[in-house]
Amino acid sequence: MKNSDTSIKKNALLNVCRQACTIVFPFLTFSYASHALGAEKLGQYTFAQSIVSYFACFSALGISDYAVREAAPLRDDSKKLKKFADEVFSIQLLLSALSYAALFLLLGLWGKLHPYRDVILILSIQIVLAAVGADWINTAFEDFSYLAVRYLATASICTAAIFYLVNGPQDVYWYTLFSMLCIAGGNVWNVFYIRRYVKLGLTMRLNVRTHLPPILMLFFNSMALVIYLNSDITILGIYADDAAVGTYSVATKIYLMAKALINAVILPAVPKLSQIAAEKKEDGDEMLSGMANFLCMLLIPAAVGIFFEAKNLIWFVGGSGYLEGTAVLRIYSVTILLAVGSCFFSYAVLVPFHMEKYFLLSTVMAAVINIGTNLWLIPRLGMCAAALTTLLAELTVYIVTSFYAKKEAGVKILINKKDIWIDLAGGAAIGAVCFAVKQFGLSHALELGASIVLAVAAYSGVLLGMKNQTFLVLLKSVTG
């Protein structure tokens, strides 16, 4: 168990580092582009991205989550792994072709998309790159060090290209191309790298009866997630102008980056939890309890900090032209608590324990609620309505997934109540620090910098002084 814990902690740390890079680099490029492109062109890019996301989801069809879960137990059986990998790879290539056909058909039939055609086509390259890259093989083999290094190299090149080539609204296509490559370009390297684990090939024997039911279940989960996470931008783009979408996207980007960094703690544990579930071991509860306490320690300061520093964060990322999105980001500061919680119950419990149907139920309910309330409220309340409907959708997913994780999976997650109270005390200290700094009337940059430094010091001091056990364990593992 000790070796397992060490492996998971190492993988979690590597994945957090990788996710930190996926936040830092897009943060830098997005902040730069929001100034260089302006709200209108940024909105054009964001709306096009929301359209492509639906087709990218269809081409993926939930295969990645399914493949990681099923391939992890096959790592020591090369023949079975090869057969499984070829079948999944062939299915995904077929789906990618169908996805492109549907996208081209939509572009030809819906006149609304004609001004966005070139941006959409550039972004759609990620569909084929994701298929040929088969990144799920690296995750199944827990090769997080390679994933971290690969992303760092790819992102560095793409970021440099954006800074060099994007100088004004006319350069939206350069920004689109290298933003897409920053995320999916590493899959080109992957085509050659994954041969150390398995040499992929095409097969006509797809074994559809075995693969399709669980893949479809995870696909509907993914599609419902994409719908309720992107329908706000899509519907806002239909009812409002590109400038409004651009303003909204700045607040959304900050929220998504913070959520992705915290969620990075969860994903590395999925292969190990899948093995535990398959072998019916009893040490899953201990692992899940440790993760839950650690997530609480991260979530509370993140939510409080985003709420109090929303205006400064918007200014830092996009500039004064995007400050109308401040209220949106404050709504998202509450949403992040629910979003990470639902991710924990979904990907750390329901998926490893083969209970995707409950995850599907939650996401379908959230998608229906999100679309319905977006269509009703966005024409009346604009950006804030889009944020509120996302909050409502995340609340729905959290309630449903947490209920079935405890009832059906039978997991017993032990939360350290004393640590939670200490986390809350630390959150109150962060709020007090941010409020106090605001009284000095500093510039946006100075206020944000001072608040972050003092808030981190205050939160760490409270956790250390009141002996938060999760924090002390983290310090001990870092210091050796």
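One structure accompanies this document, and this report is about it. Going along each chain's sequence as written, the residues are numbered from 1 onward. Confidence filtering applies because this is a predicted model: local features only for residues at pLDDT of at least 70, side-chain atom pairs given and counted only at 80 or more, and all residues used for totals across whole chains, interfaces and linings. Excluding hydrogens and water, the side-chain figures rest on all heavy atoms present in the structure.

### Here's the deal with helix H19 (residues 444-465)
Strands here mean DSSP runs of E at least two residues long; helices mean DSSP runs of H or I at least four residues long; both are numbered from the N terminus. By definition here, a helix of n residues has an expected span of 1.5 Å times n minus one. Between its first and last C-alpha, H19 extends 31 Å over 22 residues, near the 32 Å set by a 1.5 Å rise per residue. Within two residues after H19, Lys 467 carries a phi angle of roughly 60°, on the positive side.

### Quick notes on the packing of aromatic side chains
Only Phe, Tyr and Trp rings take part, Trp by its six-membered ring, and two of them pair if their centres are within 6.5 Å. Stacked means planes under 30 degrees apart, edge-to-face means over 60, and tilted covers everything else. Within the structure shown, the criterion is met by 13 aromatic pairs. Residues Tyr 45 and Tyr 175 carry aromatic rings whose centres are separated by 5.0 Å and whose planes lie at 65° to one another, so their mutual orientation is edge-to-face. Remark: Tyr 175 occurs in helix H8 (residues 172-184) and Tyr 45 occurs in helix H1 (residues 2-60); sequence separation between them is 130 residues. According to the relative accessible area criterion, Tyr 175 is buried, its value standing at 2%. Among the aromatic residues, those joined into a ring-pair cluster are Tyr 248, Tyr 255 and Tyr 332. Each ring is checked for a lysine NZ or an arginine CZ that lies within 6 Å of its centre and within 35 degrees of its normal; such an atom marks a charge sitting over the ring. Between the NZ or CZ atom of Lys 112 and the centre of the ring of Phe 47, over which it lies, the distance is 5.6 Å. Under the scheme applied here, a residue whose accessible area is under 20% of the maximum for its type counts as buried, over 50% as exposed, and between as partly exposed, the area being computed with a 1.4 Å probe on protein chains only.

### Thoughts on the environment of Leu 147
Mapped onto the secondary structure, Leu 147 falls in helix H7 (residues 144-165). Judged by relative accessible area, Leu 147 falls into the buried class, the value being 2%. For the pair Leu 147 and Asn 190, spaced 43 residues apart in the sequence, the C-alpha separation amounts to 9.5 Å.

### Describing the pattern of salt bridges
Salt bridges are counted wherever a side-chain nitrogen of Lys or Arg sits within 4 Å of a carboxyl oxygen of Asp or Glu. Tallying each qualifying case throughout the model produces five salt bridges. Note that Arg 117 is salt-bridged to Asp 118, the shortest N-O span being 3.5 Å. The class of Asp 118 is partly exposed, set by a relative accessible area of 35%. For the salt bridge of Lys 259 with Glu 394, the shortest nitrogen-to-oxygen distance reads 3.9 Å. Here Glu 394 lies in helix H17 (residues 383-407) and Lys 259 lies in helix H11 (residues 242-263), a separation of 135 residues in the sequence. Relative accessible area serves as the criterion here: at 11%, Lys 259 is assigned to the buried category. Of the residues examined, Glu 394 reaches a relative accessible area of 1% and is grouped as buried.

### As for the nonpolar core
To qualify as a nonpolar core, a set must consist of buried Ala, Val, Leu, Ile, Met, Phe, Trp, Tyr and Cys residues joined through side-chain atoms within 4.5 Å. Within the largest apolar cluster, 93 residues are counted, with the highest numbers of intra-cluster contacts made by Ile 120, Ile 266, Leu 329, Ile 336 and Phe 344. Examining the composition of this core, we find that 15 residues originate from one element, H1, more than from any other. The next biggest cluster of nonpolar side chains, apart from the first, holds 20 residues, and it includes Ile 91, Trp 136, Ile 137 and Ile 194.

### Re the side chain of Thr 46
Secondary-structure assignment places Thr 46 in helix H1. Residue Thr 46 is classed as buried on the basis of its relative accessible area, which comes to 6%. For the purposes of these results, a polar contact is taken to be a pair of N or O atoms within 3.5 Å, where, inside protein, one atom must be able to donate a hydrogen and its partner to accept one; residues adjacent in sequence count only when each atom of the pair is a side-chain atom. A distance of 2.8 Å separates the side chain of Thr 46 from the backbone oxygen of Leu 42, its partner in a polar contact. Once residues lying within four places of it in the same chain are set aside, the contact partners of Thr 46 are Ile 233, Val 245 and Ser 249. Contacts are assigned to residue pairs with any non-hydrogen atoms lying within 4.5 Å of each other.

### Let's talk about the packing of helix H14 (residues 310-318) against H19
Angles run from 0 to 180 degrees between N-to-C directions of axes, and those axes are lines fitted to C-alpha atoms, restricted for helices to the stretch in contact. The geometry of H14 relative to H19 is characterised by a closest axis approach of 9 Å and an angle of 120° between their N-to-C directions. Judged by the angle between their axes, H14 and H19 are oblique. For the element pair H14 and H19, the recorded crossing hand is left-handed. Side by side, H14 and H19 meet where Lys 311, Asn 312, Leu 313, Trp 315 and Phe 316 of the first sit next to His 444, Ala 445, Glu 447 and Leu 448 of the second. Looking at the contact of H14 with H19 residue by residue, the class counts come to five nonpolar, two polar and two charged. For classification purposes, an angle smaller than 35 degrees is called roughly parallel, one larger than 145 roughly antiparallel, one from 65 to 115 roughly perpendicular, and anything else oblique. Crossing handedness: left-handed means the near helix sits turned counterclockwise from the far one by under a right angle, and right-handed means the same turn made clockwise. Throughout, the ten residues Ala, Val, Leu, Ile, Met, Phe, Trp, Tyr, Cys and Pro are labelled nonpolar, Asp, Glu, Lys and Arg are labelled charged, and all others, Gly among them, are labelled polar.

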